[in-house]
Amino acid sequence: MTQLSDENLHWQAKAREVAEDVVRPLAAKYDVAQEYPWEIKDAIAEAGLFGVWIPEAYGGSGKHEWNIRNLVAVVEQLSRACGGVGVIFAVNALGSLPLIVGGTEEQKQHYLPQVAAGEKLIAFCLSEKTAGSDAQALKTRAVETGGGWRIHGEKKWTTNGGATDLYTVFAVTDPEEKSAARISAFIVEKDDPGFSIGKVEDKMGIRCTPVVETRFDGVEVDESRLLGGQTGKGFRHAMATLDMARPGVAAQGMGLAQGALELANRYTSQRNQFGQPVNRFQMVQQMLADMAMKTEAARQLIYAAAGAADSGNLAAVNQLAALAKCFATDVAMEVTTDAVQLFGGYGFMKDYPIEKYMRDAKITQIYEGTNQVQRMVIARNLAKEAESLGFLDEVIPAEDQDVYEG
Ligand code: CAA
């Protein structure tokens, strides 16, 4: 029983082909070189995968208003072969979802078809050196110039930065405002004067994915670049975007877990010790069974979150996306670590891809909201839900309960 539609399965099959024919054979090369894999990006574009989350009305192939199951189906397959490639793909959804969530019709018509065709790559610039989990603390400033805006500031952890043509940038437009309404979003293009790439990070995993600092030294943009044509909506658009994008990070983690499980499953069926394949030993069987159980549970939770998004059940997405992101990426770390264990000494060596799965998995617990932030989101939703559970008061202890006095 799958929660995926025929449309989702079609794109999943296409992604699997690209993953096996192009991504897996090149994964080690780009991991070592720590370079953006343009030849893989071209194969992804040729297969039509960059348009799967974008509605047909804006040049994509998505049949619905929201197409997050298409996104997760593709990310899972690419990540099965290389976690870095999973994210170079998925970050385009993160960068373009603010347009889908809050762009004007003109902005959608102008930018989304270029992203869907794979002609332009797009990144997401929210985090700063002093504004990570506390995203509202961002300091990048956009000042009105009369007819446009001038942007000053610096962003941290811009994934795909340098490779991308377009950047969705969150900046303070109203510093006097105390609420999240002081933040707005802008589209910046790579050739805009004043835009530049700063520090390029040297990373533990997802090494084919550039992660950089981006600088905005008085970048001038006209009114058409203000997302949605309105100030004050940027933070809400960022949060709504993350709700839609987090199932994608979850799928990256789950794809890594699936890929590592397959490698470990095959290896333990071939490796002989004490006169038999090691998968005949109960301790190994238990590890494999736990890995399979956790990976499949993650998959079903991700499909549920993506399904809620696609059916427009936006009220449920915030919670389900956080549950899926947190669970699946914790599973990714556990399963890839156990897979390394099952490879024994070979697992620790760079001669084989299994150690890369473990390195690639770590970041999925950190970016697009740490798993501590996900638990905070989950707990906030539970606290709200508690308010509607008053009918249980009769059967729980109360402060003014009667005591038994004999
Ligand atoms: N959808 C829509 N609006 C939302 C929302 C949602 N899910 N969550 C909050 N909002 C709105 C609120 O309604 C509120 O609006 P009003 O002021 O109009 O009432 C406003 O946003 C502020 O809400 P909160 O007070 O709840 O916000 P907060 O400051 O307490 O922050 C948080 C909450 C969940 C911790 C948030 O800051 C967060 O998600 N932090 C993590 C950020 C993150 O994921 N960063 C990663 C960036 S991407 C990356 O990693 C790099 C990359 O390129 C891959």
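Residues numbered from 1 in each chain as written. Predicted model: local features only at pLDDT ≥ 70, side-chain atom pairs only at ≥ 80, totals over all residues. Heavy atoms only, no water.

K.L.:
Whenever I open this one, the site of the ligand confuses me. Can you help?
P.N.:
Around the ligand, 25 residues are found, and the nearest of them are Ser133, Gln136, Asp243, Glu368 and Arg380. In the model, an oxygen atom of the ligand is placed 3.3 Å from a nitrogen or oxygen of the Arg236 side chain. In this structure the site holding the ligand corresponds to the largest pocket. Mapped onto the shell around the ligand, the elements with two or more residues apiece are β3 (148-159), α6 (234-270) and α10 (371-386). Take the shell around the ligand: its biggest share by element is seven residues, from α6. When residues of the shell around the ligand are assigned to domains, at least three fall in each of domain 2 (123-231) and domain 3 (235-387). (Near = heavy atom within 4 Å. Polar contact = N/O pair within 3.5 Å; in protein donor to acceptor, adjacent residues only side chain to side chain. 1 Å grid on protein atoms, 1.4 Å probe; cavity = no way out; pocket = protein on both sides within 12 Å on 5 of 7 lines; lining within 4 Å. Sits in = over half its atoms within 2 Å of the grid points. Helix = DSSP H or I, 4+ residues; strand = E, 2+ residues; numbered from the N terminus. Domains from an automatic or database assignment.)

K.L.:
Any chance you could explain helix α9 (residues 354-362) here in plain terms?
P.N.:
For an α-helix, 3.6 residues make a turn, and residues three or four places apart therefore share a direction. Burial of α9 is extensive: seven of the nine residues sit out of reach of the surface. Among all positions of α9, only Ile354, Glu355, Lys356, Tyr357, Arg359, Asp360 and Ala361 are buried. Looking at the buried side of α9, the elements it contacts are α1 (6-33), α3 (68-81), α4 (83-102), α6 and α8 (314-342). (Buried < 20%, exposed > 50% of the residue type's maximum accessible area, 1.4 Å probe, protein only. Contact = heavy atoms within 4.5 Å.)

K.L.:
Help me understand the layout of surface pockets, please; the structure alone is not making it clear to me.
P.N.:
The method is simple in principle: a probe with the dimensions of a water molecule rolls over the atoms, and the space it marks as empty is what remains. For the largest pocket, the calculated volume is near 1300 Å³. A class-by-class count of the residues in the lining of the largest pocket yields 20 nonpolar, 11 polar and 12 charged. Reported here for the second largest pocket is a volume of approximately 310 Å³. If you list the elements that add at least two residues to the lining of the second largest pocket, you get α1 and α9. Along the lines of polarity and charge, the residues of the lining of the second largest pocket split into eight nonpolar, no polar and eight charged. Each of domain 1 (6-120) and domain 3 (235-387) accounts for three or more of the residues forming the lining of the second largest pocket. (Points joined across faces, edges and corners; volume = space filled by probe spheres on them. Nonpolar A, V, L, I, M, F, W, Y, C, P; charged D, E, K, R; others polar.)

K.L.:
How do you make sense of a nonpolar patch on the surface when you look at a structure like this?
P.N.:
Residues Leu389, Phe391, Leu392, Val395 and Ile396 make up a contiguous nonpolar surface patch of about 490 Å² in total accessible area. Along the polypeptide, Val395 turns up in the segment after α10. (Patch = residues over 30% accessible without salt bridge, like charges linked within 9 Å, V, L, I, M, F, W, Y side chains within 5 Å. Areas by Shrake-Rupley, 256 points an atom, 1.4 Å probe, with all protein chains shown as cover. Salt bridge = Lys/Arg side-chain N within 4 Å of Asp/Glu carboxyl O.)

K.L.:
Where do I start with a negative patch on the surface in this structure?
P.N.:
On the surface, Glu399, Asp400, Asp402 and Glu405 cluster together into a patch of negative charge. Within the element layout of this structure, Glu399 appears in the segment after α10. (Lys, Arg positive; Asp, Glu negative; His and termini not counted. Charge placed at Lys NZ, Arg CZ, Asp CG, Glu CD.)

K.L.:
What is the right way to read the pairing of strand β5 (residues 183-189) from this model?
P.N.:
Regular strands show a simple pattern: their side chains alternate between the two faces of the sheet. Where burial is concerned, most of β5 is hidden: six out of the seven residues are buried. The sheet contact formed by strand β4 (residues 166-172) and β5 spans seven bridges and is antiparallel. Within the sheet, the bridge partner assigned to Leu166 lies in β5 and is Glu189. (Pairing = 2+ DSSP bridges.)

K.L.:
Even after reading the chapter, I still don't get the domain arrangement of the protein chain, so can you show me in this structure?
P.N.:
One widely used convention gives an interface's size as the accessible area the parts lose upon coming together. By the assigned domains, the protein chain splits into domain 1 (6-120), domain 2 (123-231) and domain 3 (235-387). The C-alpha-based centres of domain 1 and domain 3 are spaced at 20 Å. Each partner contributes to the interface: domain 1 provides 24 residues, whereas domain 3 provides 31 residues. At the junction of domain 1 with domain 3, the criterion picks out four salt bridges. Salt-bridge contacts for Arg69 lead to Asp310; the nearest nitrogen and oxygen are separated by 3.0 Å. Inspection of the domain 1/domain 3 interface yields 10 residue pairs in polar contact (both at pLDDT 80 or more). Looking at the side of domain 1 that touches domain 3, the elements with two or more residues in it are α1, α3 and α4. The element that contributes the greatest number of residues to the side of domain 1 that touches domain 3 is α3, accounting for nine residues. Partitioning the side of domain 1 that touches domain 3 into residue classes produces 13 nonpolar, six polar and five charged.

K.L.:
Quick question: what am I supposed to make of the nonpolar core here?
P.N.:
One recurring pattern in soluble globular proteins: nonpolar side chains tend to sit buried together. Membership of the largest hydrophobic core comes to 79 residues, with the highest contact counts inside it found for Ile44, Leu49, Trp53, Val85, Phe89 and Ile302. Not counting chain neighbours up to four residues away, the residues in contact with Leu49 comprise Trp11, Lys14, Ala15, Val18, Ile44, Val74 and Phe89. Grouped together as the second largest cluster of nonpolar side chains are 20 residues, Leu256, Leu261, Ala332 and Phe343 included. (Core = buried A, V, L, I, M, F, W, Y, C linked by side-chain atoms within 4.5 Å.)

K.L.:
Looking at this model, I keep getting lost on helix α2 (residues 38-46). Mind explaining?
P.N.:
Looking at α2, one finds that the buried residues are Ile40, Lys41, Ala43 and Ile44. When α2 is viewed along its axis, its buried side chains cluster within an angular range of 160° and face the same direction. Buried residues in α2 make contact with α1, α3 and α4. Looking at the residues trailing α2, positive phi occurs at Gly48, about 80°. (Arc of directions from axis to C-beta.)

K.L.:
Explanation requested: the packing of aromatic side chains in the structure shown.
P.N.:
How two aromatic rings sit relative to each other is given by the distance of their centres and the angle of their planes. Taken as a whole and judged by the stated rule, the model has 10 aromatic pairs. Relative to Trp38, the ring of Tyr36 lies with its centre 4.4 Å away and its plane at 50°, an arrangement referred to as tilted. A relative accessible area of 9% means that Tyr36 is categorised as buried. Using a relative accessible area of 41% as the deciding quantity, one classes Trp38 as partly exposed. (Phe/Tyr/Trp six-rings, centres within 6.5 Å; stacked < 30°, edge-to-face > 60°.)

K.L.:
Just checking my understanding: could you explain the packing of α4 against α6 for this structure?
P.N.:
Working note: a packed helix pair is described by the angle between its axes plus the distance between those axes. Direction vectors running N to C along α4 and α6 enclose 160°, while the axes themselves pass 9 Å from each other. With respect to α6, the axis of α4 lies roughly antiparallel. Remark: the crossing between α4 and α6 carries right-handed chirality. Two secondary-structure elements touch here, α4 through Gly83, Val87, Leu94, Leu97, Pro98, Val101 and Gly102 and α6 through His237, Ala240, Thr241, Leu242, Met244, Ala245, Gln252 and Leu256. In terms of residue class, the contact of α4 with α6 is made up of 10 nonpolar, five polar and no charged. (Axes fitted to C-alpha atoms, helices over the stretch in contact; angles between N-to-C directions. Parallel < 35°, antiparallel > 145°, perpendicular 65-115°, else oblique. Left-handed = near helix turned anticlockwise from the far one by under 90°.)

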